[in-house]
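Chain residues, written in single-letter form:
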Amino acid sequence: MTRIVKRITYSLIALLVLAAGIGYWNHRSEGAMNGPSDKKSSKKLHVMGYIISQKTLQDNLQITGRLKPDEEVDLAFETPGKIVDIYFHEGSRVSKGELLAQVNDAPLQAQLKKLEAQIKLAENRVIRQETMLQKEAVSKEAYEQVQTDLATLRADIELVKANIRQTQLTAPFDGVIGLRQISVGAYASTSTIVAHLTKVTPLKLEFSIP
């Protein structure tokens, strides 16, 4: 009976020692596992983040500009002379080719009438010389001379007409005419500004982009 009690006692002691050893070993293992992670968890990491979202990119540029007329010009005569007529009203709209003012062209008109009166005589002379040339009554040189005289006379007429056109101030384009800078009876040179003409349709927008 005593032997049985001793065996049971020894067995209980051995179990207690084994249980204590296992408990101690588990405690050390948990300490080894939790110790370093606790130190790491004690350090704070600061980060900055942005939430990515879809947006429309607008590349807009706000600048200032100014409106300019499509065309503008200071009106002046091509030839000097005394102004005899002004046909426009200040601030009114005029059309391209419209007569705006006139300088004295009386001498040119008289010269034109004189030349036009000679043209008929020169044409008849050419006809007569041509008939006589066919009959061999005149030389070919004489016939060519009257032809040259007729061509020269016609060229002189065209020259006088061109000079008459230069005495007329016309609108170079459609637009609005400004204030009149000169009056009837004044002498105008080629540098005298009669008025300012502006074409406001369409308008131009002038601006600069950096």
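Student: Could you give an account of unusual backbone geometry, with specific residues and numbers?
Tutor: Look at the link from threonine 201 to proline 202: it is a cis peptide, with omega at 0°. Tracing the chain through its elements places proline 202 in strand β8 (residues 195-206).

Student: Give me the lowdown on the nonpolar core, citing residues and values where you can.
Tutor: Core analysis: the biggest nonpolar cluster contains 18 residues, and Phe77, Ile83, Phe88, Leu100, Leu169, Ile177 and Leu197 have the highest contact counts within it. Those elements giving two or more residues to this core turn out to be β2 (81-86), β4 (99-103) and β8. By residue number, the principal contributor to this core is β4, which donates three residues. Grouped together as the second largest cluster of nonpolar side chains are 13 residues, Val146, Leu153, Val160 and Ile164 included.

Student: Account for the sheet that holds β8, with residues named and values stated.
Tutor: Taken together, the four strands give an open sheet; going across it, the order is β1-β8-β6-β3, and neighbouring strands pair in antiparallel fashion. The open sheet has two edge strands, β1 (66-75) and β3 (93-94), and neither has a second partner. One ladder, built from two bridges, connects β3 with strand β6 (residues 175-177); its direction is antiparallel. When the bridges of β6 are listed, valine 94 appears paired with glycine 175.

Student: Explain the sheet that holds strand β7 (residues 187-188) to me, and be specific about the residues and the numbers.
Tutor: If you trace the four strands from one edge of the open sheet to the other, you get β5-β4-β2-β7, paired in antiparallel fashion. In this open sheet, the two edge strands, each paired with only one partner strand, are β5 (168-170) and β7. Inspection of the sheet shows β4 paired to β5 by three bridges, in the antiparallel sense. What sits directly across from alanine 101, in β5, is leucine 169.

Cut-offs used in this document
Residues numbered from 1 in each chain as written. Predicted model: local features only at pLDDT ≥ 70, side-chain atom pairs only at ≥ 80, totals over all residues. Heavy atoms only, no water. Helix = DSSP H or I, 4+ residues; strand = E, 2+ residues; numbered from the N terminus. Core = buried A, V, L, I, M, F, W, Y, C linked by side-chain atoms within 4.5 Å. Buried < 20%, exposed > 50% of the residue type's maximum accessible area, 1.4 Å probe, protein only. Pairing = 2+ DSSP bridges.

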